[in-house]
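Structure assessment
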Amino acid sequence: MKNELKTKKKAKYCDYCENTGIIHNHHFEELGENALVPCPRCVVSKCLCGGEDPYFFYKEGKIEECFCRDTRMKIIKINMIYNRSGINRKFRWMRLNDFKSLSRQADDAKNSAYDILKQFPDVKKGLFLWGNPGTGKTLLASIILTELIIRYAVEGRFISISRNLFKTLQESFHEGSETFGESGKIEKELADVDILIVDDFGIQKDTEWKQETLYDLVDARYEAEKFTIFTSNNNPHKALKDLSQGRILSRIKEMCRILEISGEDYRDNL
Ligand SMILES: [Zn+2]
Ligand SMILES: [Zn+2]
């Protein structure tokens, strides 16, 4: 045990992977490779299994666990979590360095993102990002989720209010649908997941069922102190004021930092 501690202390800090053991392969798409690979300097250099699953090797007639195994298993776990996260294809594996802030507001939001990555899981508040369409809110929210999954291998989901949430729930009320009778299960999963991104937050006032569903989701995450990011094209102080008698807005104010990102259309500058 003592020896083990000694060697651990002696191990040099790896600048290349910031001691995470994992490197982001920026050209994964062109090359058809994995987005995350073990660090060639501090992991692959000590690998004796040739990167073959299940990452053991023979030494003097005995099977030993390879040095690379923990890192490779972690990458497999991250990939599994990532594949079920629901992150939009066009934002897959994008990192915080890929986010170009085009305004002071976007800069502030990016800085908040850095703080969250550093502090997680002891983050006091989530984010509510709002502003006109095309200013990179959904991209930034997706990036934060990606970074948290890579760094901490935590479970996270991305849902769009307009595109998936209500549609999925409504389907679950129809006999014959694959998810029939599972609305409770779906809602519980969204309430419990470590990180939730709720994209395109907001609804018409006249749909009471939707208001209650949203309130229940927001309230459940608030009560469980779960990290949540919302994005919206509308100013929440106005758009959410009358929903569920103001209860949704009051919860969101307590659980999130509300940041405006308005200005130029991000998509014109890519
Ligand atoms: Zn390294
Ligand atoms: Zn190995």
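Keep in mind that what you see is a predicted model, and the values were worked out from it rather than measured. One numbering rule holds for all chains: residues counted from 1, following each sequence as written. To read the labels, note that chains go from A and ligands from 1, taken in the order they are written. With pLDDT at 70 or above as the cut-off, local features in this predicted model cover only qualifying residues; side-chain atom pairs require 80 or more to be listed or tallied, and sums for whole chains, interfaces and linings still use all residues.

**Notes on the environment of Ile-144**
- Helix and strand assignments come from DSSP, with helices taken as H or I runs of at least 4 residues and strands as E runs of at least 2, each series counted from the N terminus. Within the secondary structure, Ile-144 is located in helix 5 (residues 137-152).
- Dropping the residues within four chain positions of it, Ile-144 is found in contact with Ala-113, Ile-116 and Ile-229. For the purpose of contact definition, each residue receives a C-beta atom placed from its backbone, and two residues are in contact when these atoms lie within 7 Å.

**Digging into the domain arrangement of the protein chain**
- When its domains are assigned, the protein chain resolves into domain 1 (2-83) and domain 2 (89-269).
- If you look at the interface, domain 1 gives 8 residues, while domain 2 gives 6 residues.
- Looking at the side of domain 1 that touches domain 2, the element that brings in the most residues is helix 3 (residues 69-83), giving 5 residues.
- Note that Gly is not counted as nonpolar here; it falls among the polar residues with everything else outside the nonpolar set of Ala, Val, Leu, Ile, Met, Phe, Trp, Tyr, Cys and Pro and the charged set of Asp, Glu, Lys and Arg. For the side of domain 1 that touches domain 2, the residue count by class is 5 nonpolar, 1 polar and 2 charged. Start and end positions for the domains come from either an automated domain assignment or a database one.

**Thoughts on the pairing of strand 4 (residues 62-65)**
- Taken together, the 4 bridges between strand 3 (residues 56-59) and strand 4 define a ladder with antiparallel strand orientation. By the bridge assignment for strand 4, Lys-59 is matched with Lys-62.
- Paired strands, as defined in this entry, are two strands with at least two bridges between them according to DSSP. Connecting strand 3 to the next strand, strand 4, in antiparallel fashion are 2 residues, including Glu-60 with a positive phi near 50°.

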